[in-house]
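# Report on the structure
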Amino acid sequence: MASARVYICGFLFFWVNTLSRHGTESLKIRCGEKLTRTYIFRGFYTPTIGSRGLYPPGVECEWIFRPPIGGKGTLVFDSFDLERSDNCSKDYLEVRAGRRGDSTVHGRYCGSDIPHVITIENDIYMKFHTNGNDQRLGFKGHYRVGDCFGQYTGLEGQFATPNFPETLGTVYCEWRIVVPEQYRIRLVFKTFYIDGTDKGNCWARSYYTPNSGMVIVRNGLERDDTKTIARYCGQYAPTVLSSSNTLLVTLDKQENAWSKPEHIGFEAFYYAEAPRCEYRINIGQPAPDFRHFYSKSGNITSRNDTDGYPLIDGCTWIINARNNPIKLQFPEFEVVGDTDCKNEYVEVRDGDSESSPLIGYFCEDNPPLNVIVSSGKHLFLKLQSTNQDARFFATYEEGLYRYFNGTEGIISERRIEIQWKAFIEVPRGLLVYLEFPVFHMAERSIDDHLYMCDGTEYTKEGFLASYQDKYAPPVLSKTNVVYISYKKYWTGEGIGADIKYKAVEPSCTTILRAESGFITSDDVLTELKEYPMCEWRVYSYTDPVVILNFVDFDLLNSENCKNEYMEISGTYLNSSIENRFCGNEKPKTIIMENVFIKFYPESLNSLSRFNISYRAACEYIFDGANTGIIHIPPPEVQRHFKWTMECLYNVTVDPGNRISLNFTKFNIVSSYYRTDKPTIEVFDLPSRDVVADVPKGSTPSIIVSNSNAITILVRLYTLESQIDIHYSAEPLDSVPLCAAPSNIILTDFDGELTSPLYPDVYPPNQNCIWHIEIHQNLNHLSPVLTFDDFDVGSVDDNGQDCSDSDDFVEVYDGLTTSSRLLGRYCGSEVSGEFAVPSGRTLTVLFHSGEEGGGKGFSARYRSDCYRLFEEPTGVFTIGDASNLWRTTLCTYEVRIPGGKGAVFDFTNLGIDIYEHLGVDQPHRLTIKVGKKKDFFAKVWHDYAPILMVPDDIIYLEYSTTSSRSSVFNVSYYQADVACKKAIGNLELQESDNARYPGVVQRIAMPEQCEWGLVNRCGGQVKVELSHQYRKFFKRWFGEEPFCRDYVEARNGFAVSANVTEKMCRHFVSHIYGISTTDSVAVKFAAGGKRIFTYFGAKYDAYCGGWSTTQSFNSILNESWDNYDVTSLKAPWIAMFWDTTTNVSFCSGVIVSNIFILTSATCTNEATRRATNKTSWEGVIIRLGNSESDKIEEHEQRVNYNGTFCIPSSDNNLCLVRFDREVIFSDHVIPVCLPHDRVLSMERASEDTYGFTMGWARLTQNSTYQTKLQRIPMQIKNWETCEDRVQDDWSYRKQYFCAGHVDGDDGGDRCYGHDGGPFLKIWRGRWYLYGVVANDWETWGNEGCPRRGKFGWFWRTVKIQNDISSIICS
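Values in this document were obtained by computation on a predicted structure and should not be read as measured data.

### As for the overall build of the protein
- When you go through the protein residue by residue, the secondary structure sums to seven helices and 96 strands.
- Looking at the protein residue by residue over its 1369 residues, the buried ones come to 52%.
- Partitioning the intrachain contacts of the protein with sequence separation of at least 6 by distance along the chain shows that 77% fall at a separation of at least 24.
- Surface summary for the protein: the accessible area is close to 62800 Å², and the carbon and sulfur share equals 47%.

Shown next, in the form of structure tokens:
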């Protein structure tokens, strides 16, 4: 019966009862099968359990196969692995000739040897038995009717159907062909007649077609349909060539009433065929057959006779790149050839054929170039040799490569956003010398660089140099090939580079970059025998100068150094020094910007020796005079300045003197890129004691050293600073200077100060200054100074002040003595603390007169993050955006006089908490009240409303666990406050996440309280006020519009914002509204009556809504024949508009009040069209518009203010920021990003529906539509997408594809507008699932998505967390 002919996998059923927790198992396995006589083919295999795929213990499986009466059954095993044992007594497979377990035993099998084909007359019984341990993989095979089976291993052979040309009945046949590995199999059908109803093409015929016959040819020996080469039926079967050395031919045939009895079956022969030695290598593209390669790099190996396969003369390889040139190298090359490479050679041509331009014929006498680079996207190779030993190994790679040869040339590059790699190759035996007449890259960008290596690739051993910024010293290679990598992407600065190269003869010349090292005579002993002179060129790259120190120096001495000498040239920066040296006297230290050293020996066997250390530094020596001037920064720093300039200036005067420093110019500028501040420190030598630490403020006073040698350490972060220091020598006197370090900045968090010689009597004529700065980045800390002991001078006769005292201590509110004077102190009664509420710095000055006296003072200072405010009104700043916090808590205490409360406002002073207290930082502002610091309220995240605090002692405690703080202003004023509830902000983030503000409020009168609701992701806010109730003791005064007691919702935080909803009648059950901004203020106000008010507020972040209410089917039916819609039905769409040509060219989707999401193609196109590439001048974004050629009343237009591309989308999707916040309306609404709850119910899975929108083309060759289109789409499964792939869209599943809902009936109409959305509806809201990725403008070679070409969309669901992190920050 035809219906009984079913081709399915072998039956297997097993049931696991329990697996106990203690490792014991109880398994009940049912397996095996009993077949009727109607089956002609059936697969079988052992059951498996666990992840390793082993058969279970303690099971028995039985199979009974029954061929047609009088027929034979055959068992064929593809794999076999059972536990091996003597006589197969443990695990085994038993085969019997019959259909019962007591039938005649044919054989018992175990171990891993695959049993031979088993053929038995009539029925077959098969039993599989396992014991309790040592499980294996089991076996797999199939049963078929008859003995139609053959296996062939010769280089040629023939076979036919059973009894050919007799009539072919019900049969299943299988032939396996195996030839040596280096061959392929050519199969030829001499006669073929299988079911003559078809003409040979059986691909459309199903396995389940009744009364059919079919021959299937597969690569390999497995029944794997993915390796099928052909299916044949009817009266014709073309020749087949395998792609491997194995071939499987199967025949499946049943009785067919339409078959002709005289010719049923086929006769065929095969032979082994050597493949042609022609290869086409398509880099980066999928290959249609085995000869093709897939990756962007690979290798080519020529054939040899190691496998007994003869070398084929004239093998060719054509390498095709996809986008860029091809680099080719020969790491191994053994093609002997003759002198002219005429008979045996490898031929390389710059193209894809033998007629392309010749690069060269290469053999042993003319080996290949170190590297070959194509000028285009093709290379042609040909091996011509009959020598069995000829062979080569080549590597290829596609990339942005360039190639230069010859003896000299110049590479000029002025392009921006460019990256390439180049090879400079000069003739063998020569070296490459590189100079850079022009070199100007970005100073502070890792996106600009030039690095060079010896050879053809980057290696640590071959590294020559790496340059950035504006200075590039010459480079000399060690081989005849130099590899260069050039990258220029930073558009802010830099013009590019000129790279000049020339071939030079090898010599005793070394070019050094002076990080540090030694130049010794030992390095050149061998080379001196070959060259008459050796030269070292030392360039300073990382620092301004090169410093040479002569460790050892012993040359032949002669008059005027005529015979043997060392010549040093360059620009001397320390003092005048002779430039020619000989003898054994060590030269002084030499400082130059670049140093050129030449050594001329007396003879080639010179015994002279020298050892010179060199290093790059920013260090200068002033030792030639007792007076001079130091200019900071020096001119040569301009070429070497990077992020930081830290320079040493060593000054030495005659012994018996000390050094006086006078700052005649003092202009220190901080860097925009650094939070560190510039510093100048002065140290005595050789003690290294600190003489002074110069503050940044006003010009410092004269600094005097304690010795005749000092070091000035200067740290600058910008070249805009200008400092001139005049130094001079003055005699040392006997007056001791300040015993404690004086005139320095103390930046520790705590420390001690003492007067000179404390506790002994301090000396006369002292002027000691201490500048205390807790930390140069911690504006929140205040220094607190405490005097533990004080005995300095005396107060006046009235005991009032120190105006008449020659000895005193002054404290200044700042870092210099020109700051505000906090007080002058003298006498012996001074003690206590001096806090500085205005800042983080103070200066302490100790002065003694002509007589001295007293034991002085001992003081301590510490840091404390604390402020006190005692006025009835005030303003103060919390935090500092540049802080590196040491403490995690700052306290701001406010004391209100008169015992009243206060109102605090965070939002009206320009620097507000809304902008600076972000959720990405763990910050909190806690309000406490009273002497016991009782908790009152907590403020966090993006918004704090007005706080009404009913206490006269208020503490604002600002805490953070972050390494950076926020900064915002606080204002307060005295007020009577009766509201006893903590009033704070309520934050929204995720759509459809409704929350209640705790229990309903029960507030005694009179009262006024306010809550702020903010959608920090820039979407809308929905508020519902409900369940209001009032109870009066006397009468009710609540009629509108004179509501004394009410609850209202304002559209925004401003007091002047529109009131969207107001409720003041007790019988109103509930009201609700949706904001047109990203925030809502809910205010409760009560009159003076003694009443109680109850109300509830429900709120959530809102998005994806619209003014019309339609079901999905209604929308789908509406969109079936008419795609045109108004902005009311697509309020989330945005249009890119070119104001110069007045055309729309892209779409986007609104995701917040300040962002749209679009494709990078759109942002690139906008940049291209804009007259100003930075500000997008000439391009605007239109919202709330449905007809591009009209200006609609409700339309909003915004300008560009920045692009944020999403790294996780490979920067293919970008957020575009507006220059202002838009106002939401029925025509402008943000779309929703689906959260987990939505995704669990509605996914972008196959056969589901959605909509795409935009101003797409009508047909492929038409212009863009002026009316907004909404087009229904159906998502396709991935396999369907791959079958109709355009370009390379299916390489990664970052995309999904969709077609018109009515399939190809959509006609030639285009759908999709680049950057436009793919949306789905869930519970009345619209959610974003994708962005159009392939409109006609972008992928013109394929045309727009239309009939037969699906639309492709970037998946936004996979990156929506990254989208949220930007729009919600």
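### Observations concerning helix α7 (residues 1360–1367)
- Considered for burial, the residues of α7 that qualify are Q1360, I1363 and I1367. The arc that holds every buried residue of α7, seen down its axis, measures 55°, which confines them to one face.

### Section: the environment of D1078
- Secondary-structure assignment places D1078 in the loop between β81 (1070–1074) and β82 (1079–1086).
- As for D1078 and V1014, which are separated by 64 residues in sequence, their C-alpha atoms are 5.9 Å apart.

### A few points about the side chain of D123
- Among the structural elements, D123 can be located in the loop between β9 (118–121) and β10 (124–129).
- Taking relative accessible area as the criterion, D123 reaches 8% and is therefore assigned buried.
- Polar side-chain contacts of D123 include one of 3.4 Å to the side chain of R66.

### Regarding the state of the cysteines
- Under the criterion given, the structure shown has 10 disulfides.
- The disulfide partner of C31 is C61, and the gap between their sulfur atoms is 1.5 Å. On the sign convention where negative means left-handed, the S-S torsion of about -85° between C31 and C61 marks this disulfide as left-handed. A residue pair is termed long-range when its members are at least 10 positions apart, and C31 in the loop between β2 (25–28) and β3 (32–34) and C61 in strand β5 (residues 60–65) qualify at 30 residues.

### So, the sheet that holds strand β31 (residues 408–413)
- Strand order in the open sheet formed by four strands is β31-β38-β33-β36, with antiparallel pairing between adjacent strands. Strands with a single pairing partner mark the edges of an open sheet, and in this sheet they are β31 and β36 (475–476).

### Overview of the side chain of S521
- Mapped onto the fold, S521 is located in the loop between β40 (516–520) and α1 (525–528).
- Using a relative accessible area of 6% as the deciding quantity, one classes S521 as buried.
- In this structure S521 touches S608, R609 and F610, once residues within four positions along its chain are discounted.

### Considering unusual backbone geometry
- The amide bond that connects I632 to the next residue, P633, takes the cis arrangement and shows omega of 0°.
- In this structure, P633 sits in the loop between β49 (627–632) and β50 (645–652).
- With an omega dihedral of 5°, the bond running from L685 to P686 counts as a cis peptide bond.
- One can find P686 in the loop between β52 (679–684) and β53 (690–694).
- Positive phi outside glycine occurs at N87, with the angle close to 60°.
- Checked against the element boundaries, N87 lands in the loop between β6 (72–81) and β7 (92–97).
- Note on N87: relative accessible area 72%, which makes it exposed.
- Positive phi is not limited to glycine here, since N1142 has a value of about 55°.

### Section: the packing of aromatic side chains
- In total, this model carries 64 aromatic pairs according to the counting rule given.
- Geometrically, the ring pair formed by W175 and F266 is edge-to-face, given 5.4 Å between the ring centres and 65° between the ring planes. With W175 in strand β14 (residues 171–178) and F266 in strand β20 (residues 265–273), this residue pair connects regions lying 91 residues apart in the sequence. Here W175 and F266 have matching classes, each one buried.
- Taken together, a centroid distance of 6.0 Å and an interplanar angle of 20° make the contact between F192 and F266 stacked. Taken together, the residues F192 in strand β15 (residues 184–193) and F266 in strand β20 connect sequence positions 74 residues apart.
- Take F266: its relative accessible area is 0%, and that puts it in the buried class.
- It is R402 that lies over the ring of W420; its NZ or CZ is 4.7 Å from the centre.
- Directly above the aromatic system of Y1329 lies the positively charged group of K1320, at a separation of 6.0 Å from the ring centroid.

### Comments concerning the pairing of β9
- By the alternation rule, side chains of β9 split into I118 and I120, which are all buried, and T119 and E121, of which none is buried.
- Where β6 meets β9, four bridges bridge the pair, whose relative direction is antiparallel. By the bridge assignment, L75 is partnered in β9 with I118.

### Focus: the confidence of the model for the protein
- Here the protein averages 76 in pLDDT, and 74% of its residues register 70 or above.
- pLDDT under 50 marks residues 979–1006. Its contacts with residues more than four places away, or in other chains, come to 101 contacts.
- In the model, residues 1028–1041 has pLDDT below 50 throughout and makes 36 contacts with residues more than four positions away in sequence or in other chains.

Conventions we followed
- Residues numbered from 1 in each chain as written.
- Predicted model: local features only at pLDDT ≥ 70, side-chain atom pairs only at ≥ 80, totals over all residues.
- Heavy atoms only, no water.
- Helix = DSSP H or I, 4+ residues; strand = E, 2+ residues; numbered from the N terminus.
- Buried < 20%, exposed > 50% of the residue type's maximum accessible area, 1.4 Å probe, protein only.
- Contact = heavy atoms within 4.5 Å.
- Areas by Shrake-Rupley, 256 points an atom, 1.4 Å probe, with all protein chains shown as cover.
- Arc of directions from axis to C-beta.
- Polar contact = N/O pair within 3.5 Å; in protein donor to acceptor, adjacent residues only side chain to side chain.
- Disulfide = S-S within 2.5 Å.
- Pairing = 2+ DSSP bridges.
- Phe/Tyr/Trp six-rings, centres within 6.5 Å; stacked < 30°, edge-to-face > 60°.
- Lys NZ or Arg CZ within 6 Å of the ring centre and 35° of its normal.
- pLDDT = per-residue confidence, 0-100.

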